[in-house]
Amino acid sequence: MQNLSLEQISAQLDSENSRDRLLALAHLREVSATEAVPLIKKVLYDSNLPVRSMAVFALGVKRTEECYSILVELLEKDEDYGVRADAAGALGYLEDVRAFEPLARAFYEDTSWLVRFSAAVALGNLKDKRAHDLLIEALDSQELVIQQAAIAALGEIGDLEAVDHVLRFASSEDWLIRQRLAEALGNMSTPKSVSALKYLEKDVHPQVSQAASISLQHLLELEKKE
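Everything quoted here is computed from the prediction, not taken from an experiment.

**Section: the packing of aromatic side chains**
Right, on to step 1. Applying the stated criterion across every chain, the model contains two aromatic pairs.
Right, on to step 2. Judged by centre distance (5.4 Å) and plane angle (85°), the rings of phenylalanine 57 and tyrosine 93 are edge-to-face. Highlighted residues: phenylalanine 57 in helix α4 (residues 49–61) and tyrosine 93 in helix α6 (residues 81–94), separated in sequence by 36 residues.
Right, on to step 3. On the basis of an interplanar angle of 80° and a centroid distance of 5.7 Å, the ring pair of phenylalanine 107 and tyrosine 108 is categorised as edge-to-face.
Right, on to step 4. When its relative accessible area of 44% is taken as the criterion, tyrosine 108 is described as partly exposed.
Right, on to step 5. Of note, arginine 98 hangs over the ring of tyrosine 68, and the distance from its end group to the ring centre comes to 4.1 Å.
Right, on to step 6. We note arginine 116 situated over the ring of phenylalanine 107; from NZ or CZ to the ring centre the distance is 4.6 Å.

Below is the structure:
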């Protein structure tokens, strides 16, 4: 991709063609956060949803002081559930612990499963142990994707107190849940985790057994270092 000047990117963001605006946002990858954020803000309320989505995501990657407050505002007030979900995801990428409260609120209060899913994933990215109770509760969700997100997030946090809670999914009918469990246990170094991973290594689904093997190897390497 040919590098464009800030002036060229800015002009392209003003194009009536949404593809031009998407390409302009892509060019911001090579631009510093302080220079990129004012340009991202130009299309934060774009009429084209993919452009908006990409702009919101970009705020999670190009970190400046104002990104946090912009993303919280979008998470709490935007009418489009897709944008709220993107904002939740971007807050996870910021890895700012202040995001715990707004993300927890979104998980409990938002009516969209997609926003709640993104909030759970983002809480995992924050690696904040305060998320324990919320994520344990999320394991009982009626939506399988929320259960998947909660298992993955508990793994990201490395929440050893959650091991007994997630192990009940070792025999889940949903192979994606079993895969998420196998991946999560790789960050939960306990004897029970090792036993469960040996069981999951024999899983009929190749992606589950492969994930279990990788996690098992990771735990054995950690043991050697200790």
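**Structural notes on the environment of aspartate 203**
Right, on to step 1. Looking at where aspartate 203 falls in the secondary structure, it is placed in the loop between α13 (191–200) and α14 (206–225).
Right, on to step 2. Given a relative accessible area of 16%, aspartate 203 falls into the buried group.
Right, on to step 3. Counting along the chain gives 24 residues from aspartate 203 to glutamine 179, while the straight-line C-alpha distance between them is 9.6 Å.
Right, on to step 4. Not counting chain neighbours up to four residues away, the residues in contact with aspartate 203 comprise Arg178, Val208 and Ser209.

**Details of the pattern of salt bridges**
Right, on to step 1. Under the defined criterion, the tally for this structure stands at 17 salt bridges.
Right, on to step 2. Of the charged contacts in the structure, one is a salt bridge between aspartate 14 and lysine 42, with a shortest N-O distance of 3.1 Å. Of this pair, aspartate 14 sits in the loop between α1 (6–13) and α2 (18–27) while lysine 42 sits in the loop between α3 (33–41) and α4, and the two are 28 residues apart along the sequence.
Right, on to step 3. Classification of aspartate 14 by relative accessible area gives exposed; the value is 54%.
Right, on to step 4. A salt bridge links glutamate 101 to arginine 130; its shortest N-O distance comes to 3.2 Å. Of this pair, glutamate 101 sits in helix α7 (residues 100–109) while arginine 130 sits in the loop between α8 (113–126) and α9 (132–138), and the two are 29 residues apart along the sequence.
Right, on to step 5. For arginine 130, a relative accessible area of 43% translates into the label partly exposed.
Right, on to step 6. A network of salt bridges, in which partner residues are shared, links Glu65, Asp96 and Arg98.

**Some points on unusual backbone geometry**
Right, on to step 1. One non-glycine residue, glutamate 95, lies in positive phi territory at about 55°.
Right, on to step 2. Among the structural elements, glutamate 95 can be located in the loop between α6 and α7.
Right, on to step 3. Residue class for glutamate 95 comes out exposed when judged on its relative accessible area of 51%.
Right, on to step 4. Despite not being glycine, lysine 127 has its phi angle at roughly 55°, a positive value.
Right, on to step 5. As for its placement among the helices and strands, lysine 127 is situated in the loop between α8 and α9.

**What to know about the environment of threonine 190**
Right, on to step 1. Along the polypeptide, threonine 190 turns up in the loop between α12 (175–185) and α13.
Right, on to step 2. Among residues more than four places away in sequence, those in contact with threonine 190 are Leu160 and Val163.
Right, on to step 3. Engagement of the side chain of threonine 190 in a polar contact is seen with the side chain of serine 193, the distance being 2.8 Å.

**Let's talk about the layout of surface pockets**
Right, on to step 1. Taken as a whole, the largest pocket encloses approximately 200 Å³ of empty space.
Right, on to step 2. Lining the largest pocket, in full, are Phe57, Gly82, Ala85, Asp86, Gly89, Ala90, Tyr93, Leu114, Phe117, Ser118, Val121 and Asn125.
Right, on to step 3. For the lining of the largest pocket, the secondary-structure elements that each account for two or more residues are α6 and α8.
Right, on to step 4. Ranked by residues supplied to the lining of the largest pocket, first place goes to α6 with six residues.
Right, on to step 5. Residues of the lining of the largest pocket, tallied by class, amount to seven nonpolar, four polar and one charged.

Definitions and limits used
Position numbers for residues count from 1 along each chain, tracking the sequence in the order it is written. Confidence filtering applies because this is a predicted model: local features only for residues at pLDDT of at least 70, side-chain atom pairs given and counted only at 80 or more, and all residues used for totals across whole chains, interfaces and linings. Side-chain calculation: all heavy atoms of the structure are included, whereas hydrogens and water are not. Aromatic pairing here means that ring centres of Phe, Tyr or Trp (its six-membered ring) are within 6.5 Å. Orientation follows from the plane angle: under 30 degrees is stacked, over 60 is edge-to-face, and everything else is tilted. Secondary structure elements are defined from DSSP: runs of H or I of at least 4 residues count as helices, runs of E of at least 2 residues count as strands, and each element is numbered from the N terminus. For each residue, the accessible area found with a 1.4 Å probe, counting protein chains only, is set against the maximum for its type, and the residue is called buried under 20%, exposed over 50%, and partly exposed in between. By the criterion adopted, a ring carries a charge over it if an Arg CZ or a Lys NZ lies within 6 Å of its centre and within 35 degrees of its normal. By definition in these notes, contact holds between two residues if any of their heavy atoms fall within 4.5 Å. What counts as a salt bridge is simple: a side-chain nitrogen of Lys or Arg found within 4 Å of a carboxyl oxygen of Asp or Glu. Think of a polar contact as two N or O atoms within 3.5 Å of one another; within protein, one of them needs to be a possible hydrogen donor and the other a possible acceptor, and neighboring residues in sequence only count if both atoms come from side chains. A cavity here means a set of 1 Å grid points, computed over protein atoms only, where a 1.4 Å probe fits but cannot escape. A pocket is an open set with protein on both sides within 12 Å along at least 5 of 7 lines, and lining residues have an atom within 4 Å of a point. Grid points are joined across faces, edges and corners, and a volume is the space filled by probe spheres set on the points. We call Asp, Glu, Lys and Arg charged. Ala, Val, Leu, Ile, Met, Phe, Trp, Tyr, Cys and Pro are nonpolar, and the rest, Gly among them, are polar.

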